[in-house]
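Understanding the architecture of this molecule
Letter by letter, the chains look like this.
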Amino acid sequence: MLIKIAKKYDVKESHVTDEVLYINRRKFVQTSVSVAALTAIPALTLFPRIESAELDFKSIKKSKYSTDEELTPFDDITRYNNFYELGLKKGDPKRNAHHLKVKPWSVKVEGECKKPGEYNLEDFILPSKLEERIYRLRCVEAWSMVIPWVGVELGAVLKHFQPTSKAKYVQFFTLYDPENLPGQRRPVLDWPYREGLRIDEAMHPLCILAVGLYGNELPNQNGAPLRLVVPWKYGFKSIKSIVSIRFTEDQPATSWNLAGPREYGFYSNVNPDVDHPRWSQKKERRIGEVFKRRTLPFNGYADQVAGLYEGMDLARYY
Ligand SMILES: Nc1nc2c(c(=O)[nH]1)N[C@H]1C(S)=C(S)[C@@H](COP(=O)(O)O)O[C@H]1N2
Ligand SMILES: [Mo]
């Protein structure tokens, strides 16, 4: 029997991406619940301030790790999103952005570390450390963008919490708030959304915790007030709206791996040689462009990160 729920957020199957459709079909079976341009803008002050934490954005440094590729326009970055807590269609997160309450916000730090506790953003996001990092983001759905993030190096933040020698991995969780977040009222994924990295991946200087983009605070739909950005992995590793960080000895569970273990591994490095079981990863469409481009190993960051995986069979550890 099919039961209709949450009518307001019902989606037609034709509106959702292949991958969600497929995952959802399995969920139907399991639960018997029907689920159904501007160019780069120079004047940063054009953008409305979106209130989150009280962070000072006055002195953002440029990073040597930035790409010099053409930026994806602000409008595309903020209205073409994946944030299933706010809906499954690409336009839903912007439309539902107001359902995410980002004030007040704190982050719980737990597990294998010497400084666990409940922190405010201001406790570990130091304004003097804020950098602009222009990174490619490559979604597993084979589209990509170039995004000017504002953030701090993840490794520096993690060191602040003093991980012990048992901390081999770090896991991140998005907030769980089904009363406010429409997407969490359905079993699309195992909520809350969670992700993880091996500790040496997390400590790599390319990993950042982003608090802004285009020189201003993060819009809610992009994961305000705090999100991970791991540029050499598929977009889904870059978990949004983080409320907890847990250091673990064992490899932690990740939402997409739980949802489809054959399709989404723990590592999820951008790898044109390992197809997703249902589509190729050889090419990608840069949002705003007509012709597809070749996808580069590690999303073009191979020189910096390939060493992390020396001796590993990346077809097995996908
Ligand atoms: N909490 C949470 N984080 C998430 C997601 C999500 O659905 N929920 N989607 C992921 C996916 S699939 C991608 S491609 C990126 C998209 O980031 P953007 O919308 O800022 O471009 O966020 C990732 N982080
Ligand atoms: Mo994605």
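To keep things clear, this report deals only with the structure shown in the data block. Keep in mind it's a predicted model, so treat the numbers as computed, not measured.

1. Considerations on the packing of aromatic side chains
Two aromatic rings, taken as a pair, are described by how far apart their centres are and by the angle between their planes. For the coordinates displayed, the defined rule picks out 16 aromatic pairs. Ring geometry for Tyr119 and Phe124: centres 6.4 Å apart, planes at 85°, overall edge-to-face. Side by side, Tyr119 and Phe124 carry an identical accessibility label, which is buried. Their ring planes at 55° and their centres at 4.8 Å tell us that Tyr119 and Phe161 sit as a pair that is tilted. Here the residue Tyr119 occupies a position in strand S5 (residues 117–120), and Phe161 occupies one in the loop between helix H5 (154–160) and strand S8 (169–174), the gap between them amounting to 42 residues. The same class applies to Tyr119 as to Phe161, namely buried. Grouping aromatic residues by their ring pairs yields a cluster made of Tyr169, Phe266, Tyr267, Phe298, Tyr309 and Tyr317. The side chain of Arg136 reaches across the aromatic face of Tyr301, ending 4.5 Å from its centre.

2. Some points on the nonpolar core
Ranked by internal contacts, the top residues of the largest apolar core, which has 84 residues, are Phe124, Trp149 and Trp232. Ranked by the residues each element gives to this core, the list is headed by strand S7 (residues 143–153), at 7 residues. For Trp149, the residues in contact, after removing those within four places along its chain, are Glu131, Glu132, Arg133, Tyr135, Leu137, Ile208, Ala210, Gly212, Leu213, Leu218, Arg227 and Val229.

Quick notes on the rules
- Residues numbered from 1 in each chain as written.
- Chains lettered and ligands numbered in written order.
- Predicted model: local features only at pLDDT ≥ 70, side-chain atom pairs only at ≥ 80, totals over all residues.
- Heavy atoms only, no water.
- Phe/Tyr/Trp six-rings, centres within 6.5 Å; stacked < 30°, edge-to-face > 60°.
- Buried < 20%, exposed > 50% of the residue type's maximum accessible area, 1.4 Å probe, protein only.
- Helix = DSSP H or I, 4+ residues; strand = E, 2+ residues; numbered from the N terminus.
- Lys NZ or Arg CZ within 6 Å of the ring centre and 35° of its normal.
- Core = buried A, V, L, I, M, F, W, Y, C linked by side-chain atoms within 4.5 Å.
- Contact = heavy atoms within 4.5 Å.

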